[in-house]
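Structure assessment
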Amino acid sequence: MGALPVTFARHIRQHAEIQAYLSYYAQMGEFERVAYYQRLLATANGRYDFSQATLNEAVNQSAHVDVRPASFSAWLGSIWQPL
Amino acid sequence: MVISTVSGNEQLNLINASGRGRVRVFVPSEFEGSLTKRPSRNDPLDRGSSEAIALLRQWSSRMKFTVFSCGIFMERFHPYGLGSFDIGYGSGASGAGDFLVDLTNATAEYPERDSKGHSVRVCLTSVYDVVRFIIAAIDMGPSHWPREFTMCGDRLTVRDLVSACSGGGSSELFPLKVFLPLPKSPPGCHHLMPPVSGSCSILGMQGLTWARYQ
C-alpha cells in the first residue's frame, strides 16, 4: 500500500504579526498562547542560532574523542518508518 | 561533577548543596540557545536561568561552572512531543506541536524573516548527541572548560526545517508514515542512554540528570 497524501499547511508569521498576537493573547489572558508566541518571537530574534559551535570544534580537534552528531534530516529519518 | 536538568528553586538548592559539598564543576540546566543570544533583562523564557547563573557566579571561586548550549532539541519535533522523553515540562513546550511544527496535524506556524528581513536560523541537536558531546567534553578533561560550550548537530533556516518535516518542497504533499516507538530504556534509566564508552557513568534519574566523573 502506498503512502497517503496529506496537505501540509504552512502559516508564515511576520515579526510584527507575532508581536501583535502576543499582545492580543496577553490581553485575553490566554497565557499558554502568550508563551507559544514568546517562543516564536525568541526564534525570530535568533535566540536558538549561533554560528560557532565551540564543542564541535574541540571534539573535531581531539584525537581522543569522536562525536558525529545526527543532522536533522538523519534524525527525522530515524523516527519515521514508511508504510 | 554535577550535571543538572532541574530548574527553578530545585536547581538553586542543588547549586548550594553542590557548593557546600565541594563539587568541583557544575553544569546547569541550560540546554538551549547560546547565553549571548538571551535578553539581558525581562526575558519571558528565563525560568530561573539568570538567577541560577548569578548564584553559580557567587560560588565560582570554589566551584567552576560551564553551560552547554545546544540550540533546540531535535526531539521537540518528535510526533509524540518532547514530553515523551521526560523533558521539557517546565518549558511549557513538552507536547507534540507546541513549537513551530505540528506533525500530527500537518501544520507549521513559524517566522521566516527576522525584524531586519534576514532568514531566521536555528541550531538543533538531538538529546542523544547532547549526551555524547558532554561525555566527550568530560573525557577531554574539565580542567580547561570555558564558561560556555556551544554544540550543534545541524544549523538550518526555519523554512528548511519546516520543509524537512513536511517531506519536501513548498507545495508538497505530506506522506503519511508510521512513527517508530520510543526506544526502551535500560533498567534504572530513562530514555537518554546511547551506547557510550569512556570514563563517565551517567545515572539516569530523570534522563540526563547526573553524570559522575570517575
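This section reports on the structure supplied with the text. (Residues numbered from 1 in each chain as written. Chains lettered and ligands numbered in written order. Predicted model: local features only at pLDDT ≥ 70, side-chain atom pairs only at ≥ 80, totals over all residues. Heavy atoms only, no water.)

1. Thoughts on the overall build of chain A
- Broken down by element type, chain A carries 4 helices and 3 strands.
- In sequence order, the secondary structure elements of chain A are arranged as β-β-α-α-α-α-β.
- When burial is assessed residue by residue, chain A has 40% of its 83 residues classed as buried.
- Carbon and sulfur atoms make up 52% of the accessible area of chain A, which amounts to about 4,800 Å² in all. (Helix = DSSP H or I, 4+ residues; strand = E, 2+ residues; numbered from the N terminus. Buried < 20%, exposed > 50% of the residue type's maximum accessible area, 1.4 Å probe, protein only. Areas by Shrake-Rupley, 256 points an atom, 1.4 Å probe, with all protein chains shown as cover.)

2. Details of the packing of helix H1 (residues 8–20) of chain B against helix H2 (residues 49–59) of chain B
Residues and elements named next belong to chain B.
- Where H1 meets H2, the axes come as close as 10 Å, and the angle between the chain directions of the two elements is 10 degrees. Taken together, the axis directions place H1 and H2 in an arrangement best described as roughly parallel. Contact residues: H1 offers Gln11, Leu12, Ile15, Asn16, Gly19 and Arg20, while H2 offers Glu51, Ala52, Leu55, Leu56 and Trp59.
- When the residues that make up the contact of H1 with H2 are grouped by side-chain class, the tally is 6 nonpolar, 3 polar and 2 charged. (Axes fitted to C-alpha atoms, helices over the stretch in contact; angles between N-to-C directions. Parallel < 35°, antiparallel > 145°, perpendicular 65-115°, else oblique. Contact = heavy atoms within 4.5 Å. Nonpolar A, V, L, I, M, F, W, Y, C, P; charged D, E, K, R; others polar.)

3. Side note on the interface of chain B and chain A
- Contacts between the two partners involve 81 residues from chain B, matched on the other side by 52 residues from chain A.
- Between chain B and chain A, a total of about 5,800 Å² is buried, with carbon and sulfur atoms accounting for 64% of that surface.
- At the surface where chain B touches chain A, the tally comes to 4 salt bridges.
- Between A:Arg13 and B:Glu109 there is a salt bridge, and its shortest N-O distance comes to 2.7 Å.
- One can count 24 residue pairs in polar contact (both at pLDDT 80 or more) joining chain B with chain A.
- Element by element, the count of residues in the side of chain B that touches chain A is highest for helix H4 (residues 158–166) of chain B, at 8 residues.
- Of the residues that constitute the side of chain B that touches chain A, the class distribution is 42 nonpolar, 18 polar and 21 charged.
- Where strand E2 (residues 9–13) of chain A and strand E7 (residues 107–111) of chain B come together, 5 bridges link them in parallel fashion. Residue pairing across strands places A:Arg13 opposite B:Pro111, the latter belonging to E7(B). (Buried area = accessible area lost by both parts, 1.4 Å probe. Salt bridge = Lys/Arg side-chain N within 4 Å of Asp/Glu carboxyl O. Polar contact = N/O pair within 3.5 Å; in protein donor to acceptor, adjacent residues only side chain to side chain. Pairing = 2+ DSSP bridges.)

4. Overview of unusual backbone geometry
Residue and element names in this part refer to chain B.
- The backbone phi angle of arginine 22 is positive, close to 65 degrees, even though this residue is not glycine.
- Within the secondary structure, arginine 22 sits in the loop between H1 and strand E2 (25–27).
- One non-glycine residue with positive phi stands out, namely arginine 47, at about 50 degrees.
- Following the sequence through the fold, arginine 47 ends up in the loop between E2 and H2.

5. Description of the environment of A:Pro69
- Structurally, A:Pro69 is set in the loop between helix H3 (54–61) and helix H4 (72–79).
- What makes A:Pro69 partly exposed here is its relative accessible area of 24%.

6. Considering the side chain of A:Ser62
Residue and element names in this part refer to chain A.
- Relative to the helices and strands, serine 62 resides in the loop between H3 and H4.
- Exposure remark for serine 62: the relative accessible area of 17% places this residue in the buried category.
- At 3.5 Å, the side chain of serine 62 forms a polar contact with the backbone nitrogen of valine 65.

7. Remarks on the sheet that holds E7(B)
- Strand order across the open sheet formed by 3 strands is E2(A)-E7(B)-E6(B), with mixed pairing between neighbours. Strands at the two margins of the open sheet, each flanked by one partner only, are E2 of chain A together with strand E6 (101–102) of chain B.
- Pairing of E6(B) with E7(B) involves 2 bridges; the strand directions are antiparallel. Across the sheet, residue B:Val101 finds its bridge partner in E7(B), namely B:Ala108.
- This element, H4(B), spans E2 of chain A together with E6 and E7 of chain B of the sheet and lies at about 170 degrees to E7(B).

8. Notes on the packing of aromatic side chains
Residue and element names in this part refer to chain A.
- Here the structure, examined in full by the defined rule, presents 12 aromatic pairs over all chains.
- Ring centres 5.8 Å apart and planes at 5 degrees place the aromatic pair tyrosine 25 and tyrosine 37 in the stacked group. Linking tyrosine 25 in helix H1 (residues 15–28) with tyrosine 37 in helix H2 (residues 31–44), this pair joins segments that are 12 residues apart in sequence. Each member of the pair tyrosine 25 and tyrosine 37 is classed as buried.
- Of the aromatic side chains, those joined through ring pairs into one cluster are Tyr21, Tyr24, Tyr25, Tyr36 and Tyr37.
- Above the plane of the ring of tyrosine 25 lies arginine 33, whose end atom (NZ or CZ) is 5.6 Å from the centre. (Phe/Tyr/Trp six-rings, centres within 6.5 Å; stacked < 30°, edge-to-face > 60°. Lys NZ or Arg CZ within 6 Å of the ring centre and 35° of its normal.)

9. Section: helix H3 (residues 127–140) of chain B
All names here are of chain B.
- Its 14 residues give H3 an end-to-end C-alpha distance of 20 Å, which sits within 8% of 20 Å, the value for a rise of 1.5 Å per residue.
- The buried count for H3 comes to 11 of 14 residues, which makes it a mostly enclosed element.
- Inspection of H3 places Val127, Tyr128, Asp129, Val130, Val131, Phe133, Ile134, Ile135, Ala136, Ala137 and Ile138 among the buried residues, and these make up the whole buried set.
- Phi turns positive, to about 105 degrees, at glycine 141, one or two residues after H3. (Expected span 1.5 Å × (residues − 1).)

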